[in-house]
Amino acid sequence: MAVKTIWQIAHSCGHHADRDLSNRAADRRAGFAEWLAKQECTDCWRTSKEGAEPDKTAWLKAKRAEERAESEAWSQQYRMPPLDGTERAVAWGVRCRHQVLADAA
């Protein structure tokens, strides 16, 4: 008797897909197929994540601005010498210097 490698998955979003599970151990395929059935299909998952990217970008931009302000305030407080370079390199250098020296203290 042949070991089943192609499984038909009925995803939680209502879509159906045939999945080749031959890369999984034979005794784990049924459990993985069951887990897949509880998940959205790949297309629905990607669609739901596309809307989250702007939120992530905005969060990251706000986080970087907060780190930059904290690093610059720290540099002024401890009278660190100014760094030379491009705007981007200076911002990165100030941030790194703050992180390294603050962690060392």
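The coordinates are above.
Overview of the structure. Just so you know, these numbers come straight off a predicted model, no measurement behind them.

### Some details on the pattern of salt bridges
- Per the counting criterion, the structure on display carries two salt bridges.
- The partner of glutamate 67 in a salt bridge is arginine 95, with the nearest N and O atoms 2.9 Å apart. Of this pair, glutamate 67 sits in helix α3 (residues 53-77) while arginine 95 sits in helix α4 (residues 87-104), and the two are 28 residues apart along the sequence.
- A single network of salt bridges, built from pairs that share partners, joins Arg64, Glu67 and Arg95.

### A word on the side chain of arginine 29
- Along the polypeptide, arginine 29 turns up in helix α1 (residues 29-37).
- Of the buried charged residues, arginine 29 lacks a salt bridge, with aspartate 20 as the closest side chain of opposite charge at 6.9 Å.
- With near-sequence residues (within four places) excluded, arginine 29 lies in contact with Val3, Lys4, Thr5, Trp7, Leu21, Ser22 and Arg24.

### Some remarks on the pairing of strand β2 (residues 16-20)
- Where strand β1 (residues 6-10) lies against β2, five bridges are found, and the strand directions are antiparallel. Paired with alanine 10 across the strands is histidine 16, a residue of β2.
- The turn joining β1 and β2, which pair antiparallel and follow one another in sequence, is formed by five residues; a positive phi near 100° is taken by glycine 14.

Conventions and cut-offs
- Residues numbered from 1 in each chain as written.
- Predicted model: local features only at pLDDT ≥ 70, side-chain atom pairs only at ≥ 80, totals over all residues.
- Heavy atoms only, no water.
- Salt bridge = Lys/Arg side-chain N within 4 Å of Asp/Glu carboxyl O.
- Helix = DSSP H or I, 4+ residues; strand = E, 2+ residues; numbered from the N terminus.
- Buried < 20%, exposed > 50% of the residue type's maximum accessible area, 1.4 Å probe, protein only.
- Lys, Arg positive; Asp, Glu negative; His and termini not counted.
- Contact = heavy atoms within 4.5 Å.
- Pairing = 2+ DSSP bridges.

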